[in-house]
Structure formats: C-alpha cells, structure tokens
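Chain residues, written in single-letter form:
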Amino acid sequence: MEIIRIPKIMQETSKTHCLRGKSIGFVPTMGALHEGHLSLIRRSKSENDITVVSIFVNPIQFGHNEDLSNYPRDMEGDIEKLKSEDVDTLFSPDVMPMYPHGFSTYINVRDLSDKLCGVFRPGHFDGVATVVSKLFNVVKPRRAYFGQKDFQQTVVIKKMVEDLNMDVEMVTCPTVREGDGLAMSSRNVYLSQDEREAAAVIYKTLISASELMKTGNPKPEDIKRHMRDMLKTEPLISEIQYAGVYDSETLDELNEFKKQNLFAIAVKMGKTRLIDNMFVEALNTKL
Ligand code: PAF
C-alpha cells in the first residue's frame, strides 16, 4: 500500500490514474477505523479500479468545546487494517498543507447545515463540506463512499456535489452495528462499560418506533413521543438533543408521514454524543 502525505503528490498520482482510464473509489475517514469503515472500503474495492482511503482529523469541523485534542487516533493499527483490506493508497496529510497560513475559503451548504446536528454543532457541516471538497479535488474520485449513520453529512455533501457540479458519484452504505445494535462509531471508545451497555437503547428505540408504525394509525408526533419516552427510561442518557421523524431530503421535522421517513436520534451519554437513524416506510400505500 502506498502512503501519501503531501496533497500535491496525491493529486499527481490521481491524475495519472485518471489519464490511464482507471476509476478511483474514495473513502474519506478521520481514522480509528472500525468495521463500518471497512465495509465502505470493501464496497469501493468491488466497484473501482483503485481505492484511496484518507485519514485526516479535520480541525475545522470541531467546535471549540469539542473533542479534537482527544479524538481517537491509531495510525499504526489503521495502516495494518488498510493493508489487510488491500487498499491501494492511504492519503494522510498533515494539517498545515491542508490549511496553510491564510486559508480563507469555506463552503456553506445553506439550510441543510443548520438543522438536526447543526443546531448543536454550529459550523460543523461547513468544516465537513470544505474538507470533503478539498479531498475530492486532490483525490479526484469517480465514486465516494459514506456511511448512513452520518445521514445529515451525506445529505449536505450530496447537495454540495450537485450545486457545485462536482463529477463524483456519492454512494451511501448501510450502518454497521455491534451485536446489540449500537451503530459503530470511532467515538464509542469514549463510553464507560455501563454507558456502552446503556447505549443499546438508541437502536432499540428506533426499532420500537418502527414497530409502532405497524400498529393503529400513529402520527409523527406519536412516534416522537414514544422515542423520547423510551430514551428517557435510560438514566445514563444525559441529554436528548433530538429524536423524531424527519424529511430525508429537507431534514425538516414531519407533521405527516411521507412514503420514506427518516427516524433520527442524537443523545449525549456523559460527554459522548451518539447519533443513529433508520428509514421507515409508511404503510399507507396512498403516500
Ligand atoms: O465522517 C467523517 O469521518 C468525516 O466527517 C469526514 C467525511 C472524513 C470529513 O472529515
């Protein structure tokens, strides 16, 4: 596996692949790789000639009071995992060449960035959109792979790709879960053992809410109440940031169901913020 740390070298390498007609599949990550990342890599490998993975803990997507300085890092372990997945190239730049002194261009995907997680993480999606557009310009992928767990991120990036005529196909892959249903996330390592066990309530709540759709004729507000009530039974959840039914395109909260509905949750367990979501189809076939 080739390891490239300089953006210009990555760009030249990608240019050569493109000139030779090779398709590049790209998996952007912040490292601390888990099975969720590996599933994206496997999908990229099955659909492209070359697979590039980036590891870059992007400082501009962290708020002042967030976990940038103790974000989990395991470069050696990550390299071993990438080698065993037979990844072609790891692009792992330092912060300076990505954001040299005087860097002053930011991307803001209006409306979508300020909803759901954006309410609690102001500026987060500007940081994500900016770094992903930089990475796309450097890596030149034909396809890019993201996990559904970070659903809002996929919506924001898709909109950016569309609005800015970026020639990249966005591929969203299913959330990979632990045995008890907890969505895999690099941040799960922050959880104490008790919190880790308690965190299973998030997925259980999504499942239970989706079951409720099959009974009676609930409204989105009934589903929301059910989700919140169930989350409140877990004393280790210190804050419910949002839980409810949302439009998967606009990310607005729904008063009436659509055919496909986004059930989404964000909670804090102690200092750790956890998110998850699920698509639930309305049974009413007229929708
Ligand atoms: O999902 C992530 O790991 C990050 O937000 C991403 C897409 C790599 C951008 O830094």
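Reading the values: rules and limits
- Residues numbered from 1 in each chain as written.
- Predicted model: local features only at pLDDT ≥ 70, side-chain atom pairs only at ≥ 80, totals over all residues.
- Heavy atoms only, no water.
- Near = heavy atom within 4 Å.
- Polar contact = N/O pair within 3.5 Å; in protein donor to acceptor, adjacent residues only side chain to side chain.
- Areas by Shrake-Rupley, 256 points an atom, 1.4 Å probe, with all protein chains shown as cover.
- Nonpolar A, V, L, I, M, F, W, Y, C, P; charged D, E, K, R; others polar.
- Pairing = 2+ DSSP bridges.
- Helix = DSSP H or I, 4+ residues; strand = E, 2+ residues; numbered from the N terminus.
- Axes fitted to C-alpha atoms, helices over the stretch in contact; angles between N-to-C directions.
- Contact = heavy atoms within 4.5 Å.
- Expected span 1.5 Å × (residues − 1).
- Buried < 20%, exposed > 50% of the residue type's maximum accessible area, 1.4 Å probe, protein only.
- Core = buried A, V, L, I, M, F, W, Y, C linked by side-chain atoms within 4.5 Å.
- Right-handed = clockwise from strand over helix to strand, strands pointing away.

1. Side note on the site of the ligand
Next up, step 1: For the ligand, the full set of nearby residues is Pro28, Thr29, Met30, Asn58, Gln61, Val131, Phe146 and Gln153.
Next up, step 2: At 2.6 Å from an oxygen atom of the ligand is found a side-chain nitrogen or oxygen belonging to Gln61.
Next up, step 3: Between the ligand and the protein, one listed contact pairs an oxygen atom with a side-chain N or O atom of Gln153 at 2.7 Å.
Next up, step 4: Protein coverage of the free-state accessible area of the ligand, which is 280 Å², stands at 89%.
Next up, step 5: By residue class, the composition of the shell around the ligand is four nonpolar, four polar and no charged.

2. Quick word on the sheet that holds strand 8 (residues 260–269)
Next up, step 1: Read across the sheet, three strands follow the order 7-8-9 without closing on themselves; strand pairing throughout is antiparallel. Single-partner strands in this sheet number two, and they are strand 7 (237–246) and strand 9 (272–281). Adjacent strand axes in the sheet meet at a mean angle of 10°, parallel and antiparallel pairs treated alike.
Next up, step 2: Across 10 bridges, strand 8 lies against strand 9 in antiparallel orientation. By the bridge assignment, Asn261 is partnered in strand 9 with Val280.
Next up, step 3: The sheet contacts of helix 10 (residues 220–232) involve strand 7 and strand 8, and relative to strand 7 the element is tilted by about 160°.

3. A few points about the sheet that holds strand 5 (residues 143–147)
Next up, step 1: Read from one edge to the other, the open sheet built from six strands follows the order 1-4-3-2-5-6, with strand pairing classed as parallel. Where the open sheet ends on each side, the last strands, each with one partner, are strand 1 (2–4) and strand 6 (169–173). When strand polarity is set aside, the average angle formed by the axes of neighbouring strands in this sheet is 25°.
Next up, step 2: Direction of pairing for strand 1 relative to strand 4 (residues 89–91): parallel, over a ladder of three bridges. Along strand 4, the bridge assignment pairs Ile4 with Phe91.
Next up, step 3: Contacting strand 1, strand 2 (24–29), strand 3 (50–55) and strand 4, helix 1 (residues 7–19) runs over the sheet at an angle of about 130° to strand 1.
Next up, step 4: The strands touched by helix 7 (residues 151–163) are strand 5 and strand 6; relative to strand 6, the strand with the most contacts, the crossing angle is about 170°.

4. Some thoughts on helix 6 (residues 124–139)
Next up, step 1: Compared with an ideal rise of 1.5 Å per residue, which puts 16 residues at 22 Å, helix 6 spans 22 Å between its outermost C-alpha atoms and is within 8% of the ideal.
Next up, step 2: Counting buried positions along helix 6 yields 13 of 16 residues, so the element is predominantly enclosed.
Next up, step 3: Just downstream of helix 6, Lys140 is the residue with a positive phi angle, here 55°.

5. Section: the side chain of His17
Next up, step 1: Mapped onto the fold, His17 is located in helix 1.
Next up, step 2: According to the relative accessible area criterion, His17 is buried, its value standing at 16%.
Next up, step 3: When sequence neighbours within four positions are dropped, the list of residues in contact with His17 reads Lys22, Ile24 and Ile50.

6. Some thoughts on the nonpolar core
Next up, step 1: Counting residues in hydrophobic clusters, the biggest one holds 42 residues, and the most contacted among them are Val52, Phe91, Val132, Phe136, Ile157, Met160 and Tyr242.
Next up, step 2: Of all the secondary-structure elements, those providing two or more residues to this core are strand 2, strand 3, helix 6, strand 5, helix 7, strand 7 and strand 8.
Next up, step 3: The dominant element in this core, judged by the number of residues it contributes, is helix 6, at nine residues.
Next up, step 4: In terms of nonpolar packing, the next biggest core, distinct from the first, is built from 26 residues, Ile202, Leu254, Phe263 and Ala282 among them.

7. Section: the side chain of Arg121
Next up, step 1: Among the secondary structure elements, Arg121 is positioned in the loop between helix 5 (117–120) and helix 6.
Next up, step 2: Note on Arg121: relative accessible area 10%, which makes it buried.
Next up, step 3: When residues no more than four places from it in sequence are discounted, the contact partners of Arg121 are Gln61, Glu66, Arg187 and Arg273.

8. With respect to the pairing of strand 3
Next up, step 1: Counting buried positions over the six residues of strand 3 gives six, a clear majority of the element.
Next up, step 2: Along strand 3, one buried face is formed by Ile50, Val52 and Ser54 and the opposite face, lined by Thr51, Val53 and Ile55, is buried too.
Next up, step 3: Here strand 2 runs beside strand 3; their pairing, made up of six bridges, is parallel. When the sheet's bridge partners are listed, Pro28 is paired in strand 3 with Ser54.
Next up, step 4: Each parallel crossover has a hand, and the one from strand 2 via helix 2 (residues 35–47) to strand 3 is right-handed.
Next up, step 5: As defined by bridge partners, strand 3 adjoins strand 4 across three bridges and the pair is classed as parallel. Considered in strand 4, the bridge of Val53 is made with Leu90.

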